[in-house]
Amino acid sequence: MGTLNGLMSLMNSALDAEQNAIDITSNNVANQNTPGYTREVANFENSDQVSLSGFLGTGESVSSTAVSQRDRVLEQQLQQQTQGSTASNSRLTALQDLESMFGLSSTSASASSTTLGSAIDGFFSSLTALSSNPTDSAT
C-alpha cells in the first residue's frame, strides 16, 4: 500500500491532468469563431508505473493534439457537386463539337441552311423524284 504522500501525489497528478483538459476545452470555446483556428483534443496518457515500497503508478498526464474538423456531409456534397460540374462541362464540350460537325450556329435560321441540312434535303428530294417516276433508271 502507498504512503499518504504517494497518494496525494497521485491525486495531484490526476487533478492537473483534468485542469489541463478543461484549459484545452475553454481554449476551443474561446477560439471557435477565429478564422484558421484548429480545434484541439485532450489526450489522456498514463504515466510510467514505478514500484517504490509498494507504491505503483504516478498518475496520468494530458497532451493536446490539434484536430482538423471537417463536416463529412458537407465534404461529400462538395465532392458530388464537383463531379456534377465536371460531367456538365464534358457534356458541353461534346455538344459543342457535335454542333460544329453539323454546322449549326445561332445565326442559321434552319437546319436546311447548313451543309448537312442541304444534303438531307437533296436526298429526300431525290426520293420524292424516284417515287414520282419509279421506272426512270437515271433517277
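Since we're looking at a predicted model, the values are computed, not measured.

On to the overall build of the protein. Along the backbone of the protein there are 3 helices and 4 strands. In the protein, the order of α-helices and β-strands from amino to carboxyl end is α-β-β-β-β-α-α. Among the 139 residues that make up the protein, the fraction classed as buried is 8%. Taking all contacts inside the protein whose residues are at least 6 apart in sequence as the whole, residues at least 24 apart take part in 42%. As displayed, the protein offers around 11000 Å² of accessible surface, 55% of which is attributable to carbon and sulfur atoms.

Bringing the confidence of the model for the protein into the picture now. Scored by pLDDT, the protein comes out at a mean of 77, with 72% of its residues at no less than 70. Within the protein, helix H2 (residues 72-102) carries the highest mean pLDDT (86), whereas strand E3 (residues 55-56) carries the lowest (54).

Here we come to the environment of Val29. The residue Val29 is located in helix H1 (residues 4-30) in this model. The class of Val29 is exposed, set by a relative accessible area of 55%. Considering only alpha carbons, one finds Val29 and Arg39, 10 residues apart in sequence, at a separation of 9.0 Å.

A surface patch of nonpolar side chains, amounting to about 530 Å² of accessible area, comprises Leu116, Ile120, Phe123, Phe124, Leu127 and Leu130. Note on placement: Leu127 falls in helix H3 (residues 115-132). With a relative accessible area of 38%, Leu127 lands in the partly exposed category.

Along the chain, the position of Thr115 falls in helix H3. Relative accessible area serves as the criterion here: at 71%, Thr115 is assigned to the exposed category. Once the C-alpha coordinates of Thr115 and Met101 are considered, the two residues, 14 residues apart in sequence, prove to be 9.7 Å apart.

Below, the discussion takes up the side chain of Asn28. Following the sequence through the fold, Asn28 ends up in helix H1. Taking the relative accessible area as the measure of exposure, Asn28 reaches 13% and is therefore buried. At 2.6 Å, the side chain of Asn28 forms a polar contact with the backbone oxygen of Glu40.

Conventions we followed
- Residues numbered from 1 in each chain as written.
- Predicted model: local features only at pLDDT ≥ 70, side-chain atom pairs only at ≥ 80, totals over all residues.
- Heavy atoms only, no water.
- Helix = DSSP H or I, 4+ residues; strand = E, 2+ residues; numbered from the N terminus.
- Buried < 20%, exposed > 50% of the residue type's maximum accessible area, 1.4 Å probe, protein only.
- Contact = heavy atoms within 4.5 Å.
- Areas by Shrake-Rupley, 256 points an atom, 1.4 Å probe, with all protein chains shown as cover.
- pLDDT = per-residue confidence, 0-100.
- Patch = residues over 30% accessible without salt bridge, like charges linked within 9 Å, V, L, I, M, F, W, Y side chains within 5 Å.
- Salt bridge = Lys/Arg side-chain N within 4 Å of Asp/Glu carboxyl O.
- Polar contact = N/O pair within 3.5 Å; in protein donor to acceptor, adjacent residues only side chain to side chain.

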